[in-house]
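# Structural overview
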Amino acid sequence: MPDTPPHPSAIVCRGLTLRYGAERLFDNLSLTIPGGEWTCILGPSGVGKTSLLRLFAGLGGGGSAAGEVHAGDGGTLAGRVAYMAQNDLLLPWLSVLDNVLLGARLRGARRDAARARTLLAEVGLAERAGDRPAALSGGMRQRAALARTLMEDCPIVLMDEPFSGLDAITRHRLQELAATILSGRTVVLVTHDPLEALRLGRHIHVLSGQPVRMDQPLRPSGEPPRDLADPVLLALQATLLSRLSGSGEGVS
Amino acid sequence: MTLTRILLPLAGLLLLWQGIVALTAVPPYILPPPARVASALVQQHALILGHALTTAVEILLGLLIGTLLGALAATSLAYFPPARRWLLPLLVVSQAIPVFALAPILVLWLGYGLASKVAMAVLIIFFPVVATFYDGLRRTEPGWIDLAATMQASRWAVLRHVRVPGALPAFASGLRVATAVAPIGAVVGEWVGSSAGLGYLMLHANGRMQTDLMFAALATLAVLALLLYVAVDRALRRALPWQPDTATPLP
């Protein structure tokens, strides 16, 4: 790691340990997620990608955790993190607009409907603000979830396979949208798709083993979202696949 | 279409009833013919409606109080572990005692008036509401809770904005069951001791061999229960428009 102090919105982990009964998922794991950039995390099923993301988000997972997780400026991550899961997690009884405003509603804060509408327009859902989630397609629902994530206006965004349930075209469009509107934020994206990681990630980590080992990150050149037709990217995909196949039986 | 679906089986039932009366020549004090029951309904409509009003008030009050108490108990069970440890076994045991056995005690304690019947209805309504709402509150989508936690939501805010709305479909199921069984509580209470209500009228008519009036009161009770159920069901559907109804296109 360079000697310069980490970005204020970097995520710094020191001596992270996570146990589920006798199983040690992380043992004294230390890493720094660079601030203001996209970091993608790949790894075989069950290796601990989601557990790591949940620890960043301050969510308990049933195991016993120890160690230190803080922001680059030494402060806590609480209140600075927005979370986007594989499932859109839209509340079915609220309209799309009210779902985007959920954070303010839950905190009892003032609801900025004008900003929520602007964000919905940004994700192409201006006309659907009054609809309930059931009336939307899978891609639209994930776009609404993205607008909700943006509404939180947090410097750190944690994404757990948010595009995995979508068809190829919708996924491609949403990746592009997310890369554009989340640029400048610290984004940690857990994905099972090496190409998605190569398209979006400034730093790509492959997790492997038990307890987890983290290899040196892969750093593709060029600005994300990258062109998938780039032969360099395809060569890097082969590298990632070989790292993944060396790290476990299957890629989740 | 709905009316046809109700009227057609009803007409079939009346025909069968009339057929049995005609074929067996059963005396009218055992089984009066439908025409005689209809005549009792028309001739004594003021009397029947008066008693029906009493029963309706008992059922509605029981439903209101039972639902409120049930919802409160379910929330306590879901949110306070000591309440769960102490209240849950008590609730289960309370269901093992038949309501019929409690009716005389309630009449003794609360008198022959409205209170003992409402208490009976509350007792019968309480359990389905508690059981279903508590179940709904326990089974909130974990992802919603995680999302709320990352949004710095307080426990109260999660209950109010996530857990309770998420449990409403389960609560609605309990309320539908409660609505269907509520008349039982009120009528049993009236049988044990009262001076008004359809249960009282049935018992009174039975003692005087006025079987036609008894049947007329029974038919009125059935219509009352049906109307109440339809009203509650419609209100719940309107209140929960987001709840998917997948029953219509059965595979």
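The text that follows walks through the structure, step by step, so that each part is easy to find.

Reading the values: rules and limits
Residues numbered from 1 in each chain as written. Chains lettered and ligands numbered in written order. Predicted model: local features only at pLDDT ≥ 70, side-chain atom pairs only at ≥ 80, totals over all residues. Heavy atoms only, no water. Axes fitted to C-alpha atoms, helices over the stretch in contact; angles between N-to-C directions. Helix = DSSP H or I, 4+ residues; strand = E, 2+ residues; numbered from the N terminus. Parallel < 35°, antiparallel > 145°, perpendicular 65-115°, else oblique. Contact = heavy atoms within 4.5 Å. Nonpolar A, V, L, I, M, F, W, Y, C, P; charged D, E, K, R; others polar. Salt bridge = Lys/Arg side-chain N within 4 Å of Asp/Glu carboxyl O. Buried < 20%, exposed > 50% of the residue type's maximum accessible area, 1.4 Å probe, protein only. Pairing = 2+ DSSP bridges. Buried area = accessible area lost by both parts, 1.4 Å probe. Polar contact = N/O pair within 3.5 Å; in protein donor to acceptor, adjacent residues only side chain to side chain.

What follows covers the packing of helix 3 (residues 45-79) of chain B against helix 4 (residues 81-96) of chain B. All names here are of chain B. Contact geometry for helix 3 and helix 4: axes closest at 6 Å, N-to-C directions at 130 degrees. Judged by the angle between their axes, helix 3 and helix 4 are oblique. Taken together, the residues of helix 4 that come into contact with helix 3 (itself represented by Ala73, Ser76, Leu77, Ala78 and Tyr79) are Pro81, Ala83, Arg84, Leu87, Leu88 and Leu91. Per-class residue counts for the contact of helix 3 with helix 4 are nine nonpolar, one polar and one charged.

Attention now moves to the pattern of salt bridges. Residues and elements named next belong to chain A. Scanning the model with the defined rule gives 16 salt bridges over all chains in all. Of the charged contacts, one joins Arg141 and Asp88 as a salt bridge, the two residues approaching to 2.8 Å between their closest N and O atoms. With Arg141 in helix 5 (residues 138-151) and Asp88 in the loop between strand 5 (81-84) and helix 2 (96-100), the pair connects residues that are 53 residues apart, well separated along the chain. The class for Asp88 is buried, based on a relative accessible area of 11%.

In this section: the pairing of strand 1 (residues 11-20) of chain A. Residue and element names in this part refer to chain A. Bridge analysis of strand 1 against strand 2 (residues 23-33) gives seven bridges, and the strand direction is antiparallel. Considered in strand 2, the bridge of Tyr20 is made with Glu23. Between strand 1 and strand 2, which pair antiparallel and follow one another directly, the connecting turn spans two residues, one of which, Gly21, has a positive phi of 65 degrees. Relative to strand 4 (residues 64-71), strand 1 is paired through seven bridges, and the arrangement is antiparallel. Considered in strand 4, the bridge of Val12 is made with His70.

Here the focus is helix 1 (residues 49-57) of chain A. All names here are of chain A. Counting buried positions along helix 1 yields eight of nine residues, so the element is predominantly enclosed. If you check which residues of helix 1 are buried, you get Lys49, Ser51, Leu52, Leu53, Arg54, Leu55, Phe56 and Ala57. One or two positions beyond helix 1, positive phi appears at Gly58, with a value near 75 degrees.

Moving on to the interface of chain A and chain B. On the chain B side, the residues contacting the 21 residues of chain A number 19 residues. When the two sides are added together, the surface that chain A and chain B hide from each other amounts to roughly 1,800 Å², 71% of it contributed by carbon and sulfur. The largest per-residue losses of area from chain A upon contact with chain B belong to Leu89, Trp93 and Leu106 of chain A, which jointly make up 39% of the total buried on that side. The tally of links from chain A across to chain B stands at one salt bridge. The tally of links from chain A across to chain B stands at two residue pairs in polar contact (both at pLDDT 80 or more). Listed by contribution, the elements that provide at least two residues to the side of chain A that touches chain B are helix 1, strand 5 and helix 3 (102-107) of chain A. The element that contributes the greatest number of residues to the side of chain A that touches chain B is helix 3 of chain A, accounting for five residues.

Let's shift gears to the sheet that holds strand 4 of chain A. Residue and element names in this part refer to chain A. If you walk across this open sheet you meet the three strands as 2-1-4, and the pairing is antiparallel. The open sheet has two edge strands, strand 2 and strand 4, and neither has a second partner. When strand polarity is set aside, the average angle formed by the axes of neighbouring strands in this sheet is 10 degrees.

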